[in-house]
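The chain contents come next:
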Amino acid sequence: VSERRVSVKDTTFSVEADNVTCAPRCTCSDNVCRTSEDRVCVIIDGVKSAQMCGSLQNIPIVSAPPNADRASPSVVHGPTDVVVRGGAFALHHQCLVNGSAVATTWLSPTQLSCLIDAAPGSYDLSVNGGVSTRIEVTSRVLVE
């Protein structure tokens, strides 16, 4: 096992071998396995051994790109702080609306707050270096 990435939902790790499966509650595809468990057994060519079972905490974490899974609210009316949920958020990460940076507040490794102040329309909301999620701005509020 060569690397691991941790998100809110699961842990992904790479295995440098062919014909890999894992257990329990674990799936593998193209030498990458994903599990929601902390302890797993990696099975190579159908063979399970004690040396390949254990805690994922012992595998070094690699730098994982941020991933924006969902935004709420996903429909906003006028300037609104939208909470983006996902994983691997760091203090330096920035929210992007159609690729342009907007005011961002880091809340936790799994949440960012993004100020959305855009004309009505549908926008891609993403985190720099990460995956995007759609957000729709339906109207603007006149502030006097």
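In short, a report on the structure.

Attention shifts here to the environment of asparagine 19. Along the chain, asparagine 19 falls in the loop between strand 2 (11–14) and strand 3 (20–23). Each C-alpha atom of the pair asparagine 19 and isoleucine 43 lies 8.4 Å from the other, and the pair is 24 residues apart in sequence. The residues touching asparagine 19, leaving out its near neighbours within four places in the chain, are Ile43, Ile44 and Asp45.

Here we have 4 strands laid out as an open sheet, ordered 8-10-14-13, and antiparallel in their pairing. Two strands lie at the open edges of the sheet, namely strand 8 (67–72) and strand 13 (104–108), each paired on one side alone. Taken over all neighbouring pairs, the strand axes of this sheet differ in orientation by 30° on average, direction set aside.

Rules used throughout
Residues numbered from 1 in each chain as written. Predicted model: local features only at pLDDT ≥ 70, side-chain atom pairs only at ≥ 80, totals over all residues. Heavy atoms only, no water. Helix = DSSP H or I, 4+ residues; strand = E, 2+ residues; numbered from the N terminus. Contact = heavy atoms within 4.5 Å. Pairing = 2+ DSSP bridges. Axes fitted to C-alpha atoms, helices over the stretch in contact; angles between N-to-C directions.

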